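Residues per chain are reported as follows:
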Amino acid sequence: METTSDAARRRRTARDAAVAEAVRQGLLGATEPLVGLLDVDGLLGTVAELHAAFAPAPVRHAFAAKACALAPVMRLMAEAGMDCEVASPGELRLALAAGFAPGRIVYDSPIKTVAELEFALAHGIALNVDNFQELARVDALLAGRPAPAPLGIRVNPQVGRGSVDSTSTATSTSKFGVALRDEGATEAVVQAFARHPWLTRIHTHVGSLGCPLPLMAEGVAAAHALAERVNAEVGPRRVTGLDIGGGLPVNFADDTDTPTFAEYVAELRRAVPTLFDGRYDLITEFGRAIFAKNGTVASIVEYTKTTGGRRIAVTHAGGQILTRAMSMPEAWPIRIDAFDAKGRPKSGPTEPHDIAGPLCFAGDLSAVARDLPVLEPGDVLALHDTGAYSLSTHFSYNSLPRPAIHGYRTTPAGETTFTPIRPAQTITEVLTDSGTTHTDSLVPRPPAVEGISPS
Ligand SMILES: *Cc1c(COP(=O)(O)O)cnc(C)c1O
């Protein structure tokens, strides 16, 4: 069995080789100064670990599409035996396009419209309603017909917050689900099961990042206790499924996976000893813990300078691709390794550097006063643990294009091979996304001066 440190060593070796090979092949360089790299072997290893941790319990593992909404990656996940959790019409269509059968998709979202609910019900897609108004909509759409797929209700166990407010979804005032500790709310959920035979699942997702395992397990315990209560009061087997969400935190300090899925399962067994006794179909929805450590953003250092005594390296990796990390640097510290212009690990005396991104916004720094070997133009920086909520979560600030993303694998002979996952966005696409097909709509006259062709 591979140990944690073996896995960390493999990850590092494969990633260093991928950076060097990307430079050698020109996937990263003067004309493509920013690139996303996905460790395909690592990703498949993580998926295998997830399945092994919950085995032999028959658990369905849906990955959260929003963490890495890239069609080839989603297709790979479908092949690897994962289900898919989606939270918008775009993610739902993407999951279908990536080859997920409707029965392997779970649709969560706090804002499903009537049309979206009709689509999901017509296609037999499982969904979790967020609130009682949505429950009434689904009831009206079903009009007495049996459920075409498992239908659940999201509850907020209000167990409290983790260390990151914006990713804590089980606080007393979180915007998600029915808050169980509010006056009369638990009774109302029990009543909903009594009234609606189509309702068979309870869903909870305590939070992402910064939530300690006991807090997550406490949320699952509350959902389980509610299921037990419904089954005791309304009738046996009224709740048949428990969707326990995702939220496993990720270690941003080094290459090891900690906490592990196995540690979380042990915590769940402690908190809810009967969770795995087979009475409930279990569904998980991990996102960050599957993707984060298997992705790298790599950039060329374009310029270096010294300002106020501080070394600054200006790179192409900023808030446009590390959107969530850059908005809260204290919650998402980014590990950075430096390589020379040939992609070889850089050594030598270190100096504190600020690593700047390309955005015209002063907070666009991926690291502040970070000790790195003295950087020069043309060097390469690899920003680690950036495989979740970044490669597919571009922010079009400054009309910067989305970079290309490549998957990499290591052959038995130790060679790195690349597969394209998403091409870089072209300047023409950037313009179209900014409305150039309607340029004259506010001034019904073509521009007086012919522009320079963008392509
Ligand atoms: C985002 C989300 C997840 C995944 O959360 P991670 O922290 O990435 O594991 C799972 N379920 C729901 C409902 C979500 O919104």
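In this text, all values refer to a predicted model and were calculated from it rather than measured experimentally. (Residues numbered from 1 in each chain as written. Predicted model: local features only at pLDDT ≥ 70, side-chain atom pairs only at ≥ 80, totals over all residues. Heavy atoms only, no water.)

Is there a simple way to explain unusual backbone geometry in this structure?
Generally, phi is negative for residues other than glycine and the peptide bonds are trans, each holding for most cases. Cis geometry is adopted by the peptide bond preceding Pro-56, which originates at Ala-55 and carries an omega value of 5°. Tracing the chain through its elements places Pro-56 in the loop between α2 (40–54) and β2 (59–64). With an omega of -5°, the peptide bond running from Thr-258 to Pro-259 counts as cis. Tracing the chain through its elements places Pro-259 in the loop between β9 (241–243) and α9 (261–271). Although it is not a glycine, Tyr-389 adopts a positive phi angle of roughly 55°. Relative to the helices and strands, Tyr-389 resides in the loop between β16 (380–383) and β17 (404–410). At Asn-398, a position not held by glycine, the phi torsion is positive, near 60°. Looking at where Asn-398 falls in the secondary structure, it is placed in the loop between β16 and β17. Note on Asn-398: relative accessible area 39%, which makes it partly exposed. (Helix = DSSP H or I, 4+ residues; strand = E, 2+ residues; numbered from the N terminus. Buried < 20%, exposed > 50% of the residue type's maximum accessible area, 1.4 Å probe, protein only.)

Is there a simple way to explain the site of the ligand in this structure?
Around the ligand there are 15 residues in total, and Lys-66, Ser-208, Glu-285, Arg-288 and Tyr-389 lie nearest to it. Within the backbone of Gly-287, an N or O atom sits 2.9 Å from an oxygen atom of the ligand. Tyr-389 places a polar side-chain atom, nitrogen or oxygen, 2.5 Å from an oxygen atom of the ligand. In isolation the ligand has 390 Å² of accessible area, and contact with the protein removes 94% of it. Per-class residue counts for the shell around the ligand are three nonpolar, six polar and six charged. (Near = heavy atom within 4 Å. Polar contact = N/O pair within 3.5 Å; in protein donor to acceptor, adjacent residues only side chain to side chain. Areas by Shrake-Rupley, 256 points an atom, 1.4 Å probe, with all protein chains shown as cover. Nonpolar A, V, L, I, M, F, W, Y, C, P; charged D, E, K, R; others polar.)

Mind showing me how you'd approach the packing of α2 against α9 here?
The angle between the axes and the distance between the axes are what describe a pair of packed helices. As a packed pair, α2 and α9 sit with axes 8 Å apart at the nearest point and diverge in direction by 25°. As summarised for this structure, α2 and α9 are arranged roughly parallel, according to the angle between their axes. Between α2 and α9 lies a crossing of right-handed hand. Touching Thr-46, Glu-49, Leu-50, Ala-53 and Phe-54 of α2 are Phe-261, Ala-262, Val-265 and Leu-268, all from α9. Taken together, the residues that form the contact of α2 with α9 break down as seven nonpolar, one polar and one charged. (Axes fitted to C-alpha atoms, helices over the stretch in contact; angles between N-to-C directions. Parallel < 35°, antiparallel > 145°, perpendicular 65-115°, else oblique. Left-handed = near helix turned anticlockwise from the far one by under 90°. Contact = heavy atoms within 4.5 Å.)

Can you walk me through empty space enclosed by the protein in this structure?
Where empty space is left becomes clear once a probe the size of a water molecule has been rolled over the atoms. According to the stated counting rule, one finds four cavities of 30 Å³ or more in the structure shown. Estimates place the volume of the second largest cavity at around 100 Å³. Residue composition of the lining of the second largest cavity, grouped by class: six nonpolar, four polar and three charged. (1 Å grid on protein atoms, 1.4 Å probe; cavity = no way out; pocket = protein on both sides within 12 Å on 5 of 7 lines; lining within 4 Å. Points joined across faces, edges and corners; volume = space filled by probe spheres on them.)

Before we go on, may I ask you to explain the packing of aromatic side chains in this structure?
For any two aromatic rings, the description comes down to two numbers: the centre-to-centre distance and the angle of the planes. For the structure on display, the rule yields eight aromatic pairs. On the basis of an interplanar angle of 70° and a centroid distance of 5.7 Å, the ring pair of Phe-63 and Phe-291 is categorised as edge-to-face. Linking Phe-63 in strand β2 with Phe-291 in helix α10 (residues 288–291), this pair joins segments that are 228 residues apart in sequence. On the accessibility criterion, Phe-63 (0% relative accessible area) is buried. What links up through ring pairs into an aromatic cluster is the set Phe-54, Phe-261, Tyr-264, Phe-276 and Phe-286. (Phe/Tyr/Trp six-rings, centres within 6.5 Å; stacked < 30°, edge-to-face > 60°.)

Mind showing me how you'd approach the side chain of Lys-293 here?
If you trace the backbone, Lys-293 turns up in the loop between α10 and β11 (295–307). By relative accessible area, which is 7% here, Lys-293 ends up buried. There is a polar contact of 2.6 Å between the side chain of Lys-293 and the backbone oxygen of Asn-251.

Even after reading the chapter, I still don't get the domain arrangement of the chain, so can you show me in this structure?
With domains assigned, the chain is organised as domain 1 (108–286) and domain 2 (293–427). A C-alpha centroid distance of 36 Å is found between domain 1 and domain 2. (Domains from an automatic or database assignment.)

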